[in-house]
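# Commentary on secondary and tertiary structure
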Amino acid sequence: LSMNESVVVDGHQIIKKGAPVSGKIVDVVPSGSRRRKSLIGFVIINVKAVDGSYIKLRSERFRQYSDHPDEKSSFNKGTLFKAELGRGRVTVSE
């Protein structure tokens with residue numbers, strides 16, 4: 001994942017557009033037996049700040065089911081996901 005826009009606080013850019021965002025896979029259900037649709041789910045964990053540190057983020061659990069049994073489930077490229085700032089500090093120098 002990557003940021004789709006920069007984050008500026010008090011006139012200082014703390015997160016650049018395109019900065020890497022990390023997440024964690026929390027749900028995996030394969031398709032197949034018993035006509036189940038596959039499922040993948042994840043949460044967003046952190047983002048890299050301009051000073052190289054990582055800022056914790058919180059998000060809901062994002063889930064995607066396949067359209068049909070025996071198909072893979074995946075998120076489309078360009079899908080937007082919302083996360084909120086958790087804890088973290090970014091050093092801003094003038």
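Remember, it's a predicted structure, so these values are computed and weren't measured experimentally. (Residues numbered from 1 in each chain as written. Predicted model: local features only at pLDDT ≥ 70, side-chain atom pairs only at ≥ 80, totals over all residues. Heavy atoms only, no water.)

Moving on, we get to the environment of Tyr65. With respect to the helices and strands, Tyr65 occurs in strand E6 (residues 62–65). On the basis of relative accessible area, Tyr65 is assigned to the partly exposed category, the value being 45%. Along the primary structure Tyr65 and Arg36 are separated by 29 residues, whereas in three dimensions their C-alpha atoms are 9.8 Å apart. When neighbours within four sequence positions are excluded, Tyr65 is seen to be in contact with Ser38, Leu39 and Ser73. (Helix = DSSP H or I, 4+ residues; strand = E, 2+ residues; numbered from the N terminus. Buried < 20%, exposed > 50% of the residue type's maximum accessible area, 1.4 Å probe, protein only. Contact = heavy atoms within 4.5 Å.)

Next up on the list: the side chain of Asp27. Position of Asp27 among the secondary structure elements: in strand E3 (residues 21–29). Only 3.3 Å separates the side chain of Asp27 from the side chain of Arg61, close enough to count as a polar contact. Here the side chain of Asp27 touches Arg63 through a polar contact of 3.1 Å, side chain to side chain. (Polar contact = N/O pair within 3.5 Å; in protein donor to acceptor, adjacent residues only side chain to side chain.)

Tracing the chain through its elements places Ser66 in the loop between E6 and strand E7 (84–85). Here the alpha-carbon distance between Ser66 and Leu39, two residues 27 residues apart in the chain, equals 6.5 Å. Setting aside anything within four residues of it in sequence, one finds Ser66 in contact with Lys37, Ser38, Glu71, Lys72 and Ser73. For Ser66, the side chain forms a polar contact with the main-chain oxygen of His68, separated by 3.0 Å.

This part takes up the nonpolar core. Proteins that are soluble and globular tend to have nonpolar side chains buried together. Core analysis: the biggest nonpolar cluster contains 12 residues, these being Met3, Ile14, Ile15, Ala19, Val21, Phe42, Ile44, Val47, Ala49, Ile55, Leu57 and Phe62. Breaking this core down by element, the ones donating at least two residues are strand E2 (12–15), strand E4 (39–48) and strand E5 (54–58). The element contributing the most residues to this core is E4, with three residues. With residues up to four places along the chain from it excluded, the contact list for Val47 reads Met3, Ile15, Ala19, Pro20, Val21, Ser53, Tyr54, Ile55 and Leu57. (Core = buried A, V, L, I, M, F, W, Y, C linked by side-chain atoms within 4.5 Å.)

Okay, the confidence of the model for the protein next. Summing up the model confidence of the protein, the mean pLDDT is 86 and the portion of residues at 70 or higher is 87%. Here E7 stands out as the element of the protein with the lowest mean pLDDT, 82, in contrast to E4, whose mean of 94 is the highest. (pLDDT = per-residue confidence, 0-100.)

Bringing unusual backbone geometry into the picture now. What you tend to see is this: most non-glycine residues have negative phi, and most peptide bonds are trans. With a phi angle near 50 degrees, Asp10 is a residue other than glycine that sits in the positive phi range. Secondary-structure assignment places Asp10 in the loop between strand E1 (7–9) and E2. Judged by relative accessible area, which is 74%, Asp10 ranks as exposed.

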